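Observations on the model geometry
Here is how the chains run, residue by residue.
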Amino acid sequence: MLDKNGIAKRIAKEVKNGMYVNLGIGIPTLVANYIPKNINVVLQSENGILNMGPFPFEGEEDADLINAGKQTVTLLPGAAIFDSALSFGMIRAQKVDLTILGGMEVSENGDIANWKIPGKLVKGMGGAMDLVASAKNIIVAMQHVNKAGESKLLPACTLPLTGKKCVKRIVTELAVVDILPQGGFKLIERAPGVSVDQIKRATTGKLIIEGEIPEMVID
Amino acid sequence: MLDKNGIAKRIAKEVKNGMYVNLGIGIPTLVANYIPKNINVVLQSENGILNMGPFPFEGEEDADLINAGKQTVTLLPGAAIFDSALSFGMIRAQKVDLTILGGMEVSENGDIANWKIPGKLVKGMGGAMDLVASAKNIIVAMQHVNKAGESKLLPACTLPLTGKKCVKRIVTELAVVDILPQGGFKLIERAPGVSVDQIKRATTGKLIIEGEIPEMVID
Amino acid sequence: MNKTVKNASEAIHDIKDGVTLAAGGFGLCGIPENCISALVEKGVKNLTCISNNAGVDDFGLGLLLKKKQIKKMIASYVGENAEFERLTLSGEMEVNLIPQGTLATRLMAAGYGMPAIFTPAGVGTEVAQGKEVRKFTFNGVEKEYLLEYALEPDFSIVKAWKGDSTGNLIFRLTARNFSPVVAMAGKITIAEVEYLVEPGELNPNEIHVPGIYVHRIFQGTNYEKRIEQLTVRKKT
Amino acid sequence: MNKTVKNASEAIHDIKDGVTLAAGGFGLCGIPENCISALVEKGVKNLTCISNNAGVDDFGLGLLLKKKQIKKMIASYVGENAEFERLTLSGEMEVNLIPQGTLATRLMAAGYGMPAIFTPAGVGTEVAQGKEVRKFTFNGVEKEYLLEYALEPDFSIVKAWKGDSTGNLIFRLTARNFSPVVAMAGKITIAEVEYLVEPGELNPNEIHVPGIYVHRIFQGTNYEKRIEQLTVRKKT
């Protein structure tokens, strides 16, 4: 079973040379730490950065330079700053190759819910609806089950949707799962030490298992 | 009767302190020479300039700095450069207070035709359709009659339209004429030495004459 | 074209109860601190505020929330604010949450004279309720888009890094964020700047918002520029 | 992310017969001189060209016209070109004239992921023929708008003043014109620059086109930068 950093490490393997990538808040942010040094990847932050760098050194933070999670960050050489309209323009125009974000629920046809729990205070969707409606390639980083032990990979989402038929792949503490175009969670990899049965039990939606399911190779 | 510079001088009196003004090619360009020095006016050129200045001094021309008529120009202090999309954005958003352009025909309900003569080669409408469709205030600078002696102020345009119901005022070598909201050319001023009868004869569209028509005061 | 006014209170003198007011900024980054303070002091009420966020309890638009000056908030994310939570749950304030890109683009639409735009954000979600859906093929794929209308605030308030007296604005780093589109959307736009300079001092190539969009400008004072999430690395 | 290619001929190697090609520039100002020369040399045919203008007889896109490489021209004003006149009148070339602002905005729409936009330009004229007309209230006035679709060229070619190897572009003065929206619209965008610099040399605040929109970039050579209408004052 993977911890958060393990999930981030596995997702980092999805990031290929030459990609422009948008990382959501939470586990997705950790992915940046595990992108191989030998490939060139540009991070986009939807508040208006391309070539976003790591957190600043202590004392070098700049109130005018934050990421979409409002954290102080830095710029890498080749950085560009732009306004929010252009930022979402390039997202809608599908210039961003890969979006990695968290999820509360994903359905077997690729719907995602991650912004609102009825009865709880709504904080807002931020840029998530724009990202999921636009991205060519969306990977969701999340726990396979919620705190109550219920599967988050469902036949249909029960929470209000963020977007429809958009998720391509899910990476959890237990598995890598793809959403098939015709619907269904196709099991791609098991986390180290996790059995197919464990994954089956944790998945309420239709799980498709074909042949031997390899164990993830991370590191 | 006014010459081209006379028409430009009369139109310059329409330009008020604080206005953003777009000047078309031809007579409208001459208007810039007669704007009173004691008022502040900003000229917009739709290829992407605010605070456009006069032609450069000999030898100081810059191939990267032209106006919408492709003439070399200069910038005044406070100038801003922007792309064509933002330029027409500010035009459509009605941030430009006054547009002055030439015309081939104007109808008594404010339609204008100035881009195409059937049978002749079509050069294109450039920015004229955007300007006339968007501007709050449009003044047309043109000759009252064409070279064949026919009126250019008509009940309806005979040439393909550039825009509908958009012209507010026309200044010709003979007169200043307003387009009434309900339709009709209302005679506002006579050019020096021109009689109301002369203007009547040169106007095919419905000319409305109320009371004494003053002679223009220019200079 | 000198648009300089003395200070924030002069700049906002005609912002009255009940108007729609858009504010630049993302979180607390690049917010018009001086204008917000002046609005708190003036005590205008029943504002409809358009801003990506709603500040924090004791800073940014949170200051207007605390004094119950906001009737309705149009935003994309309002997480960092306990007072906001209280006002919403008690029904004292109306909230309209819209996707961040939709918010930015609807403001941009106003500045670009486009009455409406199409966006895929929110299709198939509750955001789409009551909205017109239309299919288009774009980038080789047919999908559904929502028709969304331009947001045309009565007033816009933004903070820029540098500005000249004709209203040209330049922003610094991610303090740019929503501010250019907010500035371009306002029927009346007020800019406060860290450095107010003379016309000719800004490079015409580097202007982010041309002065034609700005109606009043003033030299701001006492910028706090608070950091919401300080994240740093240790020097090794 | 190094997008540098050696020269124009390498940059345009996959521009094939029949593609749609957008070019930056206004008149002869800011045109991608090197790319145009390489396209003439390569001899690709049946191009659909999107550009505000069509050059002059012996420069700019006029060079492609002269060699009959353009099947269709989408432009707003093509006045300065006798060869263009001949090709149009003889039916050898198709021409689609559209309002300048519509052209700019349709290209922008592609770069902003907007499948269509609304504009008042051309309402009630022959430009509106066959197009959807819709009423909106904007800026307090109800009027009619045309629905116009995004222009999505297969390739875009632009010339910038400065660029870095990641594709960030900065334009100089009115050589900016259509070039940013052309650059943002292309499925493949090629930029030639007067000064190619290393990442980090351009100020991130001053980028006109972020590198994400640019696929190939090269150091241009031998810029002629011809002036179409030299207008000067005498020093007094």
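The rules behind these values
- Each chain has its residues counted from 1, following the order in which its sequence is written.
- Just so you know, chain letters begin at A and ligand numbers begin at 1, following the order they were written in.
- Only residues with pLDDT of 70 or above have their local features reported here, since the model is predicted, and side-chain atom pairs are shown and tallied only from 80 upward, although totals for entire chains, interfaces and linings are computed over all residues.
- Processing note: side-chain calculations cover all non-hydrogen atoms of the structure and skip hydrogens and water entirely.
- Geometry is summarised by axes, namely lines fitted to C-alpha atoms with helices restricted to the contacting stretch, and by angles between N-to-C directions that run from 0 to 180 degrees.
- Helix and strand assignments come from DSSP, with helices taken as H or I runs of at least 4 residues and strands as E runs of at least 2, each series counted from the N terminus.
- Under this scheme an angle from 65 to 115 degrees is roughly perpendicular, one under 35 degrees roughly parallel, and one over 145 degrees roughly antiparallel; angles in between are oblique.
- Handedness of a crossing is defined here by the sense of rotation of the near helix relative to the far one, left-handed for an anticlockwise turn of less than a right angle and right-handed for a clockwise turn.
- Contacts are assigned to residue pairs with any non-hydrogen atoms lying within 4.5 Å of each other.
- Domain limits in this description derive from either an automatic procedure or a database domain assignment.
- Pairs of strands are assigned from DSSP output, requiring at least two bridges between the strands.
- Buried surface area refers to the total accessible area, computed with a probe of radius 1.4 Å, that the two partners give up upon joining, counted for both partners together.
- One side-chain nitrogen of Lys or Arg within 4 Å of one carboxyl oxygen of Asp or Glu is enough to make a salt bridge.
- In the analysis that follows, any N or O atom pair within 3.5 Å is treated as a polar contact, provided that within protein one partner can donate a hydrogen and the other can accept it, and provided that, for residues neighboring in sequence, both atoms belong to side chains.
- Charged means Asp, Glu, Lys or Arg here, nonpolar means Ala, Val, Leu, Ile, Met, Phe, Trp, Tyr, Cys or Pro, and polar covers whatever is left, Gly included.
- Classification of residues uses two cut-offs on accessible area relative to the type maximum, computed with a 1.4 Å probe and protein chains only: under 20% is buried, over 50% is exposed, and between them is partly exposed.
- Two cysteine sulfur atoms form a disulfide, by the criterion used here, when they sit within 2.5 Å.
- As a per-residue measure, pLDDT reflects the predictor's confidence and takes values from 0 up to 100.
- Note on aromatic contacts: the rings of Phe and Tyr and the six-membered ring of Trp form a pair at centre separations within 6.5 Å, being stacked when their planes are under 30 degrees apart, edge-to-face when over 60 apart, and tilted otherwise.
- Geometrically, a lysine NZ or arginine CZ counts as sitting over a ring once it is within 6 Å of the ring centre and also within 35 degrees of the ring normal.
- Among the buried residues, those of types Ala, Val, Leu, Ile, Met, Phe, Trp, Tyr and Cys that are joined through side-chain atoms within 4.5 Å form a nonpolar core.
- Charge counting treats Lys and Arg as positive and Asp and Glu as negative, with His and both chain ends excluded.

Attention now goes to the packing of helix α3 (residues 84-92) of chain B against helix α5 (residues 100-111) of chain D. Two elements in contact, α3 of chain B and α5 of chain D, have axes separated by 8 Å at closest approach and are oriented at 120°. It follows from the interaxial angle that α3 of chain B and α5 of chain D lie oblique. Classified by chirality, the crossing of α5 of chain D by α3 of chain B is left-handed. Residue-level inspection shows Ser84, Ala85, Phe88 and Arg92 of chain B of α3 of chain B in contact with α5 of chain D, the latter providing Gln100, Gly101, Ala104, Thr105 and Met108 of chain D.

Segmentation of chain C into domains returns domain 1 (8-99 + 150-219) and domain 2 (116-149). Taken over C-alpha atoms, the centre of domain 1 of chain C sits 28 Å from the centre of domain 2 of chain C.

On to the sheet that holds strand β5 (residues 116-119) of chain D, then. Residue and element names in this part refer to chain D. Spatially, the three strands line up as an open sheet ordered β5-β7-β6, and their pairing is antiparallel. The open sheet terminates on both sides in strands that have one partner only, identified here as β5 and β6 (133-138). Within the sheet, the average angular offset between the axes of one strand and its neighbour, ignoring direction, is 40°. Where β5 lies against strand β7 (residues 141-149), four bridges are found, and the strand directions are antiparallel. Residue pairing in the sheet places Ala116 in a bridge with Tyr149 of β7.

All names here are of chain A. Here we have ten strands laid out as an open sheet, ordered β4-β3-β2-β1-β5-β8-β10-β11-β12-β13, and mixed in their pairing. Looking along the sheet, the strands with just one partner apiece sit at the ends: β4 (74-81) and β13 (207-208). Bridge analysis of strand β2 (residues 42-45) against strand β3 (residues 49-53) gives two bridges, and the strand direction is antiparallel. Residue pairing in the sheet places Gln44 in a bridge with Leu50 of β3. Contacts from helix α1 (residues 4-12) reach β5 (98-102), β8 (138-141), β10 (169-171), β11 (175-179) and β12 (185-190), with the element oriented near 145° to β10. The strands that helix α3 (residues 84-92) touches are β1 (20-23), β2 and β3; relative to β2, the one it contacts most, it runs at about 125°.

Across the contact, 50 residues belong to chain B and 52 residues belong to chain D. Here chain B packs against chain D, burying approximately 4,500 Å² in sum over the two surfaces, 59% of which is carbon and sulfur. A salt bridge links Glu126 of chain D to Lys116 of chain B, with the shortest nitrogen-to-oxygen separation between them at 2.4 Å. At the surface where chain B touches chain D, the tally comes to 27 residue pairs in polar contact (both at pLDDT 80 or more). Counting only elements with at least two residues in the side of chain B that touches chain D, the list comes to β4 (74-81), α3 and α4 (128-134) of chain B. Its residues assigned to classes, the side of chain B that touches chain D comprises 23 nonpolar, 14 polar and 13 charged.

Phi is positive for Lys165 of chain A, which is not a glycine, with a value near 45°. Residue placement: Lys165 of chain A occurs in the loop between β9 (153-154) and β10. Residue classification places Lys165 of chain A among the exposed positions, given a relative accessible area of 62%. With phi around 50°, Leu173 of chain C is a residue other than glycine that occupies positive phi space.

Across the boundary between the two partners, chain A contributes 50 residues, which contact 52 residues of chain C. Summing both partners gives a buried area of about 4,500 Å² for chain A against chain C, and 60% of it is carried by carbon and sulfur. The interface formed by chain A and chain C holds six salt bridges in total. Linking Asp64 of chain A and Lys225 of chain C is a salt bridge whose minimum nitrogen-to-oxygen distance equals 2.8 Å. For the pair chain A and chain C, the interface holds 27 residue pairs in polar contact (both at pLDDT 80 or more). Considered class by class, the residues forming the side of chain A that touches chain C number 23 nonpolar, 14 polar and 13 charged.

Once that is clear, we can look at the state of the cysteines. According to the stated counting rule, one finds zero disulfides over all chains in the structure shown. The thiol sulfur of Cys157 of chain B is not disulfide-bonded, and the nearest other cysteine sulfur, from Cys166 of chain B, lies at 9.0 Å. Looking at the unpaired Cys35 of chain D, the closest cysteine sulfur is the one in Cys49 of chain D, lying at 12 Å. Assessed through its relative accessible area of 0%, Cys35 of chain D is described here as buried.

The next point concerns the pattern of salt bridges. Counted by the stated rule, this structure contains 54 salt bridges over all chains. We note a salt bridge from Asp64 of chain B to Arg172 of chain D, for which the minimum N-O separation is 2.7 Å. Linking Asp64 of chain B in the loop between β3 (49-53) and β4 with Arg172 of chain D in the loop between β9 (169-170) and α6 (179-185), this pair reaches from one chain into another. Across the pair Lys187 of chain D and Asp154 of chain D runs a salt bridge whose closest N-O atoms are separated by 3.8 Å. With Lys187 of chain D in the loop between α6 and β10 (188-197) and Asp154 of chain D in the loop between β7 and β8 (155-164), the pair connects residues that are 33 residues apart, well separated along the chain. The exposure class of Lys187 of chain D is partly exposed, given its relative accessible area of 38%. Asp154 of chain D sits in the partly exposed class, given a relative accessible area of 26%. Each of Asp62 and Asp64 of chain A together with Lys159, Arg172, Glu194 and Lys225 of chain C takes part in salt bridges that share partners, so that together they form one network.

Of all residues in chain C, 100% attain a pLDDT of 70 or more, and the chain-wide mean is 96. Interface predicted TM-score (ipTM) for the complex: 0.97; the corresponding pTM is 0.98.

Next up on the list: the packing of aromatic side chains. Considering all chains together, one arrives at seven aromatic pairs over all chains under this definition. Ring centres of Phe136 of chain C and Tyr145 of chain C lie 5.8 Å apart, and the angle between their planes is 75°; this geometry places the pair in the edge-to-face category. Grouping residues by exposure puts Phe136 of chain C and Tyr145 of chain C together as buried. For the cation-ring pair, Lys159 of chain D lies above Tyr223 of chain D, with the distance from its terminal atom to the ring centre recorded as 5.0 Å. The ring of Trp161 of chain D carries Lys162 of chain D above its face, with NZ or CZ at 4.4 Å from the centroid.

Glancing now at the nonpolar core. Membership of the largest hydrophobic core comes to 120 residues, with the highest contact counts inside it found for Leu107 and Leu169 of chain C together with Leu107 and Leu169 of chain D. Apart from residues lying up to four places away in sequence, Leu169 of chain D is in contact with Val158, Ala160, Lys162, Gly163, Ala191, Val193, Ile207, His208, Val209, Val214 and Ile217 of chain D.

Turning our eyes to something else, we now look at the side chain of Ser134 of chain B. Along the chain, Ser134 of chain B turns up in helix α4. A residue is classified by how much of its surface remains accessible, and Ser134 of chain B, at 1% relative accessible area, is buried. Look past the residues within four positions of Ser134 of chain B in its chain and what remains in contact with it is Ile91, Arg92 and Gln94 of chain B together with Pro120 and Lys143 of chain D.

Structurally, Arg92 of chain B is set in helix α3. Buried charged residue Arg92 of chain B carries no salt bridge. Nearest counter-charge: Asp130 of chain B, at 5.1 Å. Those residues in contact with Arg92 of chain B that sit more than four places away from it in its chain are Ser134 of chain B, Tyr112, Gly113 and Met114 of chain C together with Gly101, Thr105, Thr119, Pro120 and Phe138 of chain D.

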